[in-house]
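# Understanding the architecture of this molecule
Below, each chain spelled out in residue letters.
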Amino acid sequence: MIGRLIIGDIRPSTPDFEHPAKATVGSQVSVRADVFKDGHEKLAVFVKWCSDAEGDWRSVRMTPVANDRWEGFICPQTLGLHSFEIIAGTDRYATWRNEVLIKYEAGQNIDVELIEGSLMLGEACLWDASATMADAAEPVKTRLESGIRAGIAEFFESHMSFDDETSSTQLKLWVDRPAASYGAWYEFFPRSEGGFGGATLRLDAIAKMGFDIVYLPPIHPIGKVERKGRNNTIIAGPDDPGSPWAIAGHTDIHADLGTFDDFDRFVERANDLGMEIALDYALQCAADHPWLVSHPDWFHHRPDGTIKFAENPPKKYQDIYPINFWPPSNDARIELWAECKQILEFWMSHGVRIFRVDNPHTKPLAFWEWLIAEIHAIDPGVIFLAEAFTRPKMMAQLAQVGFSQSYTYFTWRTKKKHITSYFDEVARGRASDYMRPNFWPNTPDILSGPLRNGGPGAFKQRLVLAATGSSAYGIYSGYELCENEPASDDNEEYLHSEKYEIKHRDWD
């Protein structure tokens, strides 16, 4: 049943109010709500919040903004899950003070109001002020001033109690480390630098450009069966390296890149330069991945007995086999999900705390909700970027279930009206409470808009828009050289795509 005091439209929040909104450690969070009641009484509204791990409840008074909208600011200082709620009630002292001052300034008799104020101050044990207000022998001005003098309002605020206290639903807030909210990403292929040795040397130049996160496409062994050739041809030549996304072992490193010691030195050097390494987390397999033999029930089988390869019509990925995350056997599903978790734990043991997740929208949301929660129980500072260029509601739902950041439609927003409306949507729209945009002008898959055959001006413009339109942005290697040759007029991929060949760039 609805009460006299209404609390609604609380932000930040997710649409279902079950999953947490997002914040970052040390950053102010604007908490807003509609709070009102019948009549003209003054309200006192607070946001009450705590870290779930510590249980240290505290409260901050909210202030009215406009049209019964209230706002207060909290500043979480610890990682992990937090709770907050809105507490509101009638502010008796503020209501009395407002009414008595209006009547006094209008020249009306306020004897009854002074008696009411005296009783209220007496209940608060403010005896001197209460006695002066009750003394009819004193001038009205003196009696009034004793009840509104400095310090009394502050006393009532610090000793606030309500006869009609009303609480909102308790909402959740997930607090990440700052890198989940902002930072500049740089993507490059270590194999084009000669492996981890050359890639380590390249880090100095990347750091000088001001990047915070270095993202690597898959660094694992590449399948030989159905390996793709240059420009995505279905027959590979003897020297074609294949697509890194055709993974033949998720906890191995491609022999051409180096050893685990080389990788560890690469991670350490990035950290020394103030950067972090992000790895691609692509849950898919090459045709010769060990899982196809050891766990055939983890894959989709066609009626003719073949295993279904990946497709995104009209694109075909004959070298990649998608995983069936909901196999008929419950035991198989439990075993599969546990194996996917162990992959993350393995790379976390090598110093990786950021993962760019390939095509998360093709896996069940229940899987991501479980997996991210499991990893955050181990390390709440792990960051997940959703590479989901898909339908808006799916992108938003992935953010709700735990993804720290999301790719966006920025790449395809090229007209002024589309740019301004989209920037406003991602910065102020409802989804901004829980979905953090990461703007990429290009990726190894996407050479779009003005960059296609564009000159340096187009590249500079898109970079500035990305870096100022969102608190997180990224570019794919070669952007600084204005690589701009599309595969064809109707294909937004690069000609001579680095996904299928090794690039030899002249950085000078």
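Residues numbered from 1 in each chain as written. Predicted model: local features only at pLDDT ≥ 70, side-chain atom pairs only at ≥ 80, totals over all residues. Heavy atoms only, no water.

### What about empty space enclosed by the protein?
Stated precisely, the cut-off is as follows: We place a 1 Å grid over just the protein atoms. Points where a 1.4 Å probe fits but has no way out form a cavity, open points with protein on both sides within 12 Å along at least 5 of 7 lines form a pocket, and any residue with an atom within 4 Å of a point lines it. Grid points are joined across faces, edges and corners, and a volume is the space filled by probe spheres set on the points. A run of H or I in DSSP becomes a helix once it reaches four residues, and a run of E becomes a strand once it reaches two; helices and strands are each numbered from the N terminus. Residue polarity follows a fixed list, in which Ala, Val, Leu, Ile, Met, Phe, Trp, Tyr, Cys and Pro are nonpolar, Asp, Glu, Lys and Arg are charged, and the others, Gly among them, are polar.
Tallied over the entire structure, the rule returns 1 cavity of 30 Å³ or more. Here the largest cavity defines a volume of roughly 60 Å³. Lining of the largest cavity is provided by His-220, Ile-247, His-250, Leu-279, Asp-280, Tyr-281, Ala-282, Ile-343, Trp-347 and Phe-355. If you list the elements that add at least two residues to the lining of the largest cavity, you get β13 (276-281) and α9 (330-348). For the lining of the largest cavity, the leading source of residues is β13, giving 3 residues. Residues of the lining of the largest cavity, tallied by class, amount to 7 nonpolar, 2 polar and 1 charged.

### Overview of the sheet that holds strand β6 (residues 63-66)
The criterion, for reference: Strand pairing is assigned whenever DSSP identifies at least 2 bridges connecting the two strands. Helix axes use the C-alpha atoms of the stretch in contact, all axes being lines fitted to C-alpha atoms, and the angles between their N-to-C directions lie in the range 0 to 180 degrees.
As summarised here, the arrangement of the 4 strands in space is β1-β3-β7-β6, forming an open sheet in which the pairing is antiparallel. Each edge of the sheet is formed by a strand with only one pairing partner; in this case those strands are β1 (5-11) and β6. In this sheet, adjacent strand axes meet at a mean angle of 35 degrees when their direction is disregarded. Sheet analysis places β6 next to strand β7 (residues 69-74), joined by 3 bridges and oriented antiparallel. Bridge assignment links Ala-66 to a residue of β7, and that residue is Arg-69.

### So, the packing of helix α1 (residues 92-105) against helix α4 (residues 140-148)
How two helices sit against one another is set out by the angle between their axes and by the gap between those axes. The criterion, for reference: By definition in this entry, angles of less than 35 degrees are roughly parallel, angles greater than 145 are roughly antiparallel, angles of 65 to 115 are roughly perpendicular, and the rest are oblique. Left-handed describes a crossing whose near helix is turned anticlockwise from the far helix by less than a right angle; the clockwise case is right-handed. Contacts: residue pairs with any heavy atoms within 4.5 Å of one another.
The contact between α1 and α4 brings their axes to 11 Å, and the two run at 155 degrees. Here α4 runs roughly antiparallel to α1, going by the angle between their axes. Regarding α1 and α4, the two cross each other, and that crossing is left-handed. Residues Tyr-93, Trp-96, Arg-97, Val-100, Leu-101 and Tyr-104 of α1 touch α4, and the partners they reach there are Val-140, Lys-141, Leu-144, Gly-147 and Ile-148.

### Looking at the nonpolar core
Put simply, the test is: We call a set of buried Ala, Val, Leu, Ile, Met, Phe, Trp, Tyr and Cys residues a nonpolar core when their side-chain atoms join them within 4.5 Å. In this scheme, a residue with accessible area under 20% of its type's maximum is buried, one over 50% is exposed, and one in between is partly exposed, where area comes from a 1.4 Å probe on protein chains only.
The biggest cluster of nonpolar side chains holds 99 residues, and the ones touching the most others in it are Leu-216, Phe-263, Tyr-281, Phe-355 and Trp-368. Top contributing element to this core by residue count: α9, with 8 residues. When neighbours within four sequence positions are excluded, Phe-263 is seen to be in contact with Phe-196, Leu-216, Ile-219, Ile-253, Leu-279, Trp-347, His-350 and Val-352. Judged by nonpolar contacts, the second largest core, of 22 residues, contains Ile-10, Leu-171, Leu-173 and Val-175.

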